[in-house]
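Listed here are the chains, written in short residue letters.
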Amino acid sequence: MSSEEQHDYKSISAHMAKGAIWMVLMRWCLKALGLINTIIIARLLTPDDFGVIAMALITIEFLEIISDVNVDNILIRNKNAAREDYDSAWTVKVLMGLGIAATLFILAPVLSSYFNDERVTVVIQIISLRAAILGFENVGVVNFRKELNFSREFRYWVYRRVVLFVLSLSLVFILRNYYALAISIPLSAAITVAISFVMSSYRPKFCLTKVKEIWTFSAWLVCLNFTQFLSNRADEFIIGRVSSTSSMGSYHVASDLAALPTAEVILPMTRALVPTYSKIAHDGAELRKAFRGVFNYVAILCASISLGLFVVADDFVIVLLGGQWHSAIPIFKWLALHGGLAALVTPLVAFFIVLDKQKLIALIGIGRITVLIPVLVAAGYWGDVETIALSRTVLGALYAVVIYGFIFRISSVTLGDVLTALWRPLIAASIMALTVSHLHN
């Protein structure tokens, strides 16, 4: 390797490390605010209030996911993206947002009937406005990541979270019911759009010239988004049908809280992986080296955090949320383990994308939900919410094994790379968990 190539690789590695740090800091700030927000609101509202919001959000997230054409990744991968590429991407987002909002507004009564709760109708119609508003977000903000300007990306997302934090808390203190959470969501979307135009000088216009190319690239990624959504939210959709609104609220909060420590460290890092992996995708050895560096970090965090949360769940939930959330403890325990397993898999999506294997990862996702949904339905009808949480965790472990098997087939990464990074954190975390459990008893 020439000295010039070595310099390029060192520069790329430095950008990846710097980007990962910025993205992790960003997510920590966002979720620190989110966690504080949840803790305060959980003490002011009831599991029933959260259940109504959760039922509405599942439906809205579903439509948003299946309509997400991943314009960010398209523009990041296209090194020669011109104005018409950006404008076409923005136009697609606007049209999708308006379409989602209209669909949700019309279907709200039907969805309310599914969940057996008339309150869901108005909540869905209020929150649906978020999709219509957020579609107008300035597409120019994608350049923050494309140009590896992660400090600017950090500020953009933190500003958004601060706005949501202030709005939701203010409305909860005023209204003291689930309407406060519903109203804060479209209001925060409007302010997000305003912030995007303040922070980016790009001014998009309506354009349709590149829409076909966008869809050609995005078709399998939309399919992947669909399978990921079902994998993440099918359990709540089932609980919303077979159980009470209060159980739904307990499960929703326990799920988000259990996944928070691992997901909010790993997810932001993946935002830096696509643009940085893309620069070394042509070099298998360098890509393998970058993968090992990322996986070492991920394995340490996932093992220690997920097992740690499992053993301290009883105290953790009560201290943070209050005594009225006692029913969430057994759910939280299993979902803490699931959060660790999910976080081990999350960085792999970027790996598939840069290797142009989005079709493969989408097909794997389809196979996953083909197994997952029937199992969760059976667990819901013949068991209870804890059974659903346990089933989701077991299937999460099986999925991790399968997807890493495919990674070994499509890249130079080996089983030895994974096991070498994994065995020490697992042993250390297990010893920690046993010690804490023994001292607690």
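Structure: above.
Calculation notes
Along each chain, residue indices are assigned from 1 in the same order as the chain's sequence is written. Residue-level local features of this predicted model are given only where pLDDT is at least 70; pairs of side-chain atoms are given and counted only at 80 or more, and the full residue set underlies all totals for whole chains, interfaces and linings. As a rule here, side-chain values cover all heavy atoms of the structure and leave hydrogens and water aside. Only runs of H or I of at least four residues qualify as helices and only runs of E of at least two qualify as strands under DSSP, and these elements are numbered from the N terminus. Any two residues having at least one pair of non-hydrogen atoms within 4.5 Å are treated as being in contact. With residues, only the protein chains shown are counted as cover, and all accessible areas are computed by Shrake-Rupley using a 1.4 Å probe. Throughout, the protein atoms alone are placed on a 1 Å grid, and a set of points is a cavity if a 1.4 Å probe fits but cannot get out or a pocket if it is open with protein on both sides within 12 Å along at least five of seven lines; lining residues have an atom within 4 Å of a point. Grid points are joined across faces, edges and corners, and a volume is the space filled by probe spheres set on the points. Under the scheme applied here, ten amino acids are nonpolar (Ala, Val, Leu, Ile, Met, Phe, Trp, Tyr, Cys and Pro), four are charged (Asp, Glu, Lys and Arg), and all others, including Gly, are polar. The term salt bridge refers to a side-chain nitrogen of Lys or Arg lying within 4 Å of a carboxyl oxygen of Asp or Glu. Relative accessibility thresholds used throughout: buried, under 20% of the residue-type maximum; exposed, over 50%; partly exposed, between the two (1.4 Å probe, protein chains only). We call a set of buried residues a nonpolar core when its members are Ala, Val, Leu, Ile, Met, Phe, Trp, Tyr or Cys and they connect through side-chain atoms within 4.5 Å of each other. Working definition: a ring pair exists when centres of Phe, Tyr or Trp rings (six-membered ring for Trp) sit within 6.5 Å. Plane angles under 30 degrees give stacked, over 60 give edge-to-face, the rest tilted. The rule is short: NZ of Lys or CZ of Arg within 6 Å of the ring centre and within 35 degrees of the ring normal puts a charge over the ring.

Chemist: Would you mind showing me how to read the overall build of the protein here?
Modeler: Assigned secondary structure in the protein consists of 18 helices and 0 strands. For the protein, the proportion of contacts with a sequence separation of at least 24, taken over those separated by at least 6, is 84%. Of the accessible surface of the protein, which amounts to about 19300 Å², a share of 66% is contributed by carbon and sulfur atoms.

Chemist: Explanation requested: the layout of surface pockets in the structure shown.
Modeler: It is a probe the size of a water molecule, rolled over the atoms, that shows where empty space is left. As a volume, the largest pocket reaches approximately 430 Å³. Taken together, 21 residues form the lining of the largest pocket, with L341, L344, A400, L422 and L426 sitting closest to its centre. Of all the elements in the fold, those that place two or more residues in the lining of the largest pocket are α12 (284–311), α14 (329–345), α17 (385–410) and α18 (415–440). Its residues assigned to classes, the lining of the largest pocket comprises 18 nonpolar, 3 polar and no charged.

Chemist: I'm lost on the pattern of salt bridges in this one. Help?
Modeler: Opposite charge on two side chains permits them to pair, given that their charged atoms come into close proximity. Enumeration according to the criterion identifies 6 salt bridges in this entry. Its salt-bridge partner being R83, residue D87 comes within 3.1 Å of it at the nearest N-O pair. With D87 and R83 both in helix α4 (residues 83–115) and 4 residues apart, the pair spans about one turn of that helix. Assessed through its relative accessible area of 39%, R83 is described here as partly exposed.

Chemist: For this particular structure, what's the right way to read the side chain of S184?
Modeler: In this structure, S184 sits in helix α9 (residues 178–199). Judged by its relative accessible area of 2%, S184 is buried. Ignoring anything within four residues of it in the chain, the contact list for S184 reads L164, L167, S168 and L171.

Chemist: Would you mind going over empty space enclosed by the protein with me for this structure?
Modeler: Enumeration according to the criterion identifies 2 cavities of 30 Å³ or more in this entry. Here the second largest cavity defines a volume of roughly 50 Å³. Lining of the second largest cavity is provided by Y277, F291, V294, F295, V298, L344, P347, L348 and Y404. Broken down by element, the residue count for the lining of the second largest cavity peaks at 4 residues, all from α12.

Chemist: Can you walk me through the environment of A131 in this structure?
Modeler: Here A131 lies in helix α6 (residues 129–134). Placed 37 residues apart in sequence, A131 and V94 show a C-alpha to C-alpha distance of 8.9 Å.

Chemist: What is the right way to look at the nonpolar core in this model?
Modeler: Generally speaking, soluble globular proteins have nonpolar side chains that are buried together. Ranked by internal contacts, the top residues of the largest apolar core, which has 34 residues, are Y277, F291, F295, I403 and Y404. Listing elements by their share of this core, those giving two or more residues are α10 (211–242), α12, α14, α15 (348–354), α16 (358–382), α17 and α18. Ignoring anything within four residues of it in the chain, the contact list for I403 reads V345, L348, F352 and I361. Among the nonpolar cores identified, the runner-up in size contains 32 residues, and I238, I239, L321 and L376 belong to it.

Chemist: Would you explain the environment of A350 in this entry?
Modeler: For A350, the location among the structural elements is in helix α15. Judged by relative accessible area, A350 falls into the buried class, the value being 3%. Residues A350 and Y277 lie 73 residues apart in sequence; the distance between their C-alpha atoms is 7.8 Å.

Chemist: What should I look at first to understand the packing of aromatic side chains in this one?
Modeler: This structure, assessed with the given rule, holds 7 aromatic pairs. Between the aromatic rings of F295 and Y404, the centroid separation amounts to 5.6 Å while the plane-to-plane angle is 70°, which identifies the pairing as edge-to-face. Of the two residues, F295 sits in helix α12 while Y404 sits in helix α17, which places them 109 residues apart along the sequence. For F295, a relative accessible area of 5% gives the class buried. On the basis of relative accessibility, which here comes to 8%, the residue Y404 falls in the buried class. One aromatic cluster in this structure is built from W90, F136 and F206. Its end group placed over the ring of Y399, R368 keeps NZ or CZ at 3.9 Å from the ring centre.

No statement about biological role is implied by the geometric values presented.
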